[in-house]
Amino acid sequence: MHFLVSIQSRLASLLIGFLFLCTTVLGAVLMAVQRALTWLDGQHPQLVHTLHAFTRWLSRHPKAISATLASVLLAGGGGAFAIANLGPDIADQPVVTLTVPVEIARLQEQAQSLDLTQMRLSRTDSTRSSDTPESLLRRLGLVDPDAANFLRKNPLAKQALKQAGRSVVAEADGQQRLLNLNVRWLNNETDTFFQRLAIKRTNQGLEAALETSPMNTSVRMTGGTVASSLYDAADEARLPDAVIGQLTQIFSNQIDFHRNLRKGARFSVVYEVLEADGEPVRTGRVLAAEFNNDNKTFEAVWHQEPGQKGNYYSIDGKSLSRTYLASPVAFSRKTSGFSMRLHPIFQTMKAHLGVDYAAPTGTPAQTVGDGVVEFAGVQGGFGNMVIIRHGNNHSTVYAHLSRIQVRKGQTVQKGQAIGAVGTTGWSTGPHLHFEFRVNGTHVDPQKVIQQAQSTPLSPAGMARFKSAAAQAKAQLLAAAQMREVTSQ
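Given the structure is predicted, the values throughout are model-derived calculations rather than measurements. (Residues numbered from 1 in each chain as written. Predicted model: local features only at pLDDT ≥ 70, side-chain atom pairs only at ≥ 80, totals over all residues. Heavy atoms only, no water.)

### Looking at the packing of aromatic side chains
Line of reasoning, step 1. Enumeration over the complete set of coordinates arrives at 6 aromatic pairs.
Line of reasoning, step 2. Centroid distance tyrosine 324 to phenylalanine 436: 5.0 Å. Interplanar angle 85°. Geometry classified as edge-to-face. Of this pair, tyrosine 324 sits in the loop between β10 (311-313) and β11 (333-336) while phenylalanine 436 sits in strand β21 (residues 431-438), placing them 112 residues apart in sequence.
Line of reasoning, step 3. Judged by relative accessible area, which is 4%, tyrosine 324 ranks as buried.
Line of reasoning, step 4. The buried category is assigned to phenylalanine 436, whose relative accessible area is 0%.
Line of reasoning, step 5. Connected via pairs of aromatic rings, a cluster forms that spans Phe251, Phe267 and Phe291.
Line of reasoning, step 6. Positioned over the ring face of tryptophan 302 is arginine 285, at 4.1 Å from the centre of the ring. (Phe/Tyr/Trp six-rings, centres within 6.5 Å; stacked < 30°, edge-to-face > 60°. Helix = DSSP H or I, 4+ residues; strand = E, 2+ residues; numbered from the N terminus. Buried < 20%, exposed > 50% of the residue type's maximum accessible area, 1.4 Å probe, protein only. Lys NZ or Arg CZ within 6 Å of the ring centre and 35° of its normal.)

This is the structure in structure tokens:
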């Protein structure tokens, strides 16, 4: 039987090979004939006339010639198919199963070493206001009644897990038991040190300790393009709100973000991020920024002279910051200026001794300059009001607040939130009433703010600034390149 199958396979192979050879030879002959005819036509045109009879005969019988060649090839293919089917059907052949044992060297030792290996699994989450010890551990993938009981009774753990939004990192073994748990948070947003509750499993059981560690500072850079709004562009670039708020303050004296921001405006920014155990906790200061709006480019670099307050400067060293911010409310609109007007409640013409900024209730109201809180409380038609005393006998007033976030005698810095927009007192809608007083006399806030310039750089400070500006320029270029890559 095997002998017949072998003969069948050989005959089929020989016939298929013969057909392939015939096809190849036929193609070569036709190519040679074509070259010969071309040569004869060029070198011996008199011989071409003798071949016309043969050419005419070929053109008169194309079907006969094609049918003959097709018959030869078909007969050969059919013969190969017939020979291939002379043998038995493969489906009727018996199936044979071969089992070959595989020997693994030192398998028992490898299995024992895996049993001795302790797996440590880590997971990160955040605390929630509705958390119980069991729900928190369950969300972290842990099933450990002892750990849940410890978190419920230990005073440090109870205090650390009481506040929502705190970062939690847990480490567990292969049996889903808690090995380590760290909770991180800041007591105040301005802190440079963070708090860490460290819980670890020892031979004596679970132990908790409260630690204080300094935060590390890293530098990040990004950029974006305004399609609809600045905040949408910031979200697209994953830029924190605190950074975009700084950005608007830096360029507030050059760009009117309320009315003059154009579609297609581009920005690049380099800023600090404060990290705890390698995880970002909060954003820091903007170090350098570039804003291109309406085909005009504005650049800013943070620079601080030894023993002095820092400031933002243009690339050529000119101060961008004024003593006072341009507005006590970001992204608002003026509804009433420093002029005579019809009082909205008493319906009489009366001098308006300040500027009104319309904004939704709860919008942060910020002090326009450094100073000390002179008054914080309720005062007649002003409702909730804050008065801040600045240098040079200047003072500012913030009225109709929905809440007050400072106290009398407190030192505040430019841009710090002192309360929130509201409609307390004599008010027909949520807005902030803002006044500027010089030696107790009311003046137009915009005139004072525009005239109050910051101290320029000294000659020695200019040399140090140029070095910082060159580095900032390189970082802004890298941020712009990242923006272009992201937009593609």
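Don't stop here, the text continues.
### As for unusual backbone geometry
Line of reasoning, step 1. We note that asparagine 393 has phi near 60°; this positive angle belongs to a residue other than glycine.
Line of reasoning, step 2. By secondary structure assignment, the location of asparagine 393 is in the loop between β17 (384-389) and β18 (394-404).
Line of reasoning, step 3. The phi dihedral of histidine 400 is positive, around 65°, even though this residue is not glycine.
Line of reasoning, step 4. When you line up the elements, histidine 400 lands in strand β18.

### Brief notes about helix α6 (residues 145-153)
Think of an α-helix as 3.6 residues a turn; residues three or four steps apart then line up on the same face.
Line of reasoning, step 1. Of all the residues in α6, the buried ones are Ala147, Ala148, Phe150 and Leu151. Projection of α6 onto a plane perpendicular to its axis shows the buried side chains occupying an angular sector of 160°, all on one side. Among the exposed residues of α6, those pointing more than 90 degrees away from its buried face are Pro145, Asp146 and Lys153.
Line of reasoning, step 2. In this structure, the buried side of α6 is in contact with α5 (133-139), α7 (155-160), β3 (178-185), β4 (193-202) and β5 (205-214).
Line of reasoning, step 3. Residue aspartate 144 occupies the N-cap position of α6, its side-chain oxygen lying 3.2 Å from the main-chain nitrogen of aspartate 146. (Arc of directions from axis to C-beta. Contact = heavy atoms within 4.5 Å. Polar contact = N/O pair within 3.5 Å; in protein donor to acceptor, adjacent residues only side chain to side chain.)

### Observations concerning helix α9 (residues 241-250)
Line of reasoning, step 1. Buried within α9 we find Val243, Ile244, Leu247, Thr248 and Ile250. Taken down its axis, α9 places every buried residue within 160° of arc, on the same side.
Line of reasoning, step 2. Each element contacted by the buried residues of α9 is listed here: α8 (230-236), β7 (266-276), β8 (279-293), β9 (296-303) and β10.

### Brief notes about the pairing of strand β20 (residues 417-421)
Line of reasoning, step 1. Summarising burial for β20: 4 of the 5 residues are buried, a large majority.
Line of reasoning, step 2. As paired strands, strand β15 (residues 364-366) and β20 are joined by 3 bridges and run antiparallel to one another. Bridge pairing links glutamine 366 to alanine 417 in β20.
Line of reasoning, step 3. As judged from the 3 bridges shared by β18 and β20, these two strands associate in the antiparallel manner. Paired with leucine 401 across the strands is valine 421, a residue of β20. (Pairing = 2+ DSSP bridges.)

### Description of a negative patch on the surface
Line of reasoning, step 1. On the surface, a cluster of negative charge is contributed by Asp232, Asp235, Glu236 and Asp241.
Line of reasoning, step 2. Among the elements that take part in the negative patch, α8 stands out by supplying 3 residues, more than any other.
Line of reasoning, step 3. One can find aspartate 235 in helix α8. (Patch = residues over 30% accessible without salt bridge, like charges linked within 9 Å, V, L, I, M, F, W, Y side chains within 5 Å. Areas by Shrake-Rupley, 256 points an atom, 1.4 Å probe, with all protein chains shown as cover. Salt bridge = Lys/Arg side-chain N within 4 Å of Asp/Glu carboxyl O. Lys, Arg positive; Asp, Glu negative; His and termini not counted. Charge placed at Lys NZ, Arg CZ, Asp CG, Glu CD.)

### What about the pattern of salt bridges?
Line of reasoning, step 1. One pass over the full model with this rule turns up 13 salt bridges.
Line of reasoning, step 2. Between arginine 196 and aspartate 277 there is a salt bridge, and its shortest N-O distance comes to 2.8 Å. On the criterion of sequence distance, the pair formed by arginine 196 in strand β4 and aspartate 277 in the loop between β7 and β8 is long-range, its members being 81 residues apart.
Line of reasoning, step 3. Taking the relative accessible area as the measure of exposure, arginine 196 reaches 12% and is therefore buried.
Line of reasoning, step 4. By relative accessible area, aspartate 277 is classed as partly exposed at 39%.
Line of reasoning, step 5. For lysine 473, the salt bridge identified is with glutamate 299, shortest N-O distance 2.4 Å. Of the two residues, lysine 473 is situated in helix α11 (residues 459-487) and glutamate 299 in strand β9; the sequence distance between them amounts to 174 residues.
Line of reasoning, step 6. When its relative accessible area of 39% is taken as the criterion, lysine 473 is described as partly exposed.
Line of reasoning, step 7. A single network of salt bridges, built from pairs that share partners, joins Arg184, Arg196, Glu211 and Asp277.

### Describing the sheet that holds strand β6 (residues 216-225)
Line of reasoning, step 1. The antiparallel open sheet is built from 5 strands, whose spatial order is β6-β7-β8-β9-β10. Looking at strand neighbours, the two that pair on one side only are β6 and β10, the edges of this open sheet. In this sheet, adjacent strand axes meet at a mean angle of 30° when their direction is disregarded.
Line of reasoning, step 2. Here 3 bridges tie β9 to β10, and the two strands are oriented antiparallel to one another. The partner of histidine 303 across the bridge, within β10, is asparagine 311.
Line of reasoning, step 3. Where α9 meets the sheet, its contacts fall on β7, β8, β9 and β10, and the angle it forms with β8 comes to roughly 35°. (Axes fitted to C-alpha atoms, helices over the stretch in contact; angles between N-to-C directions.)

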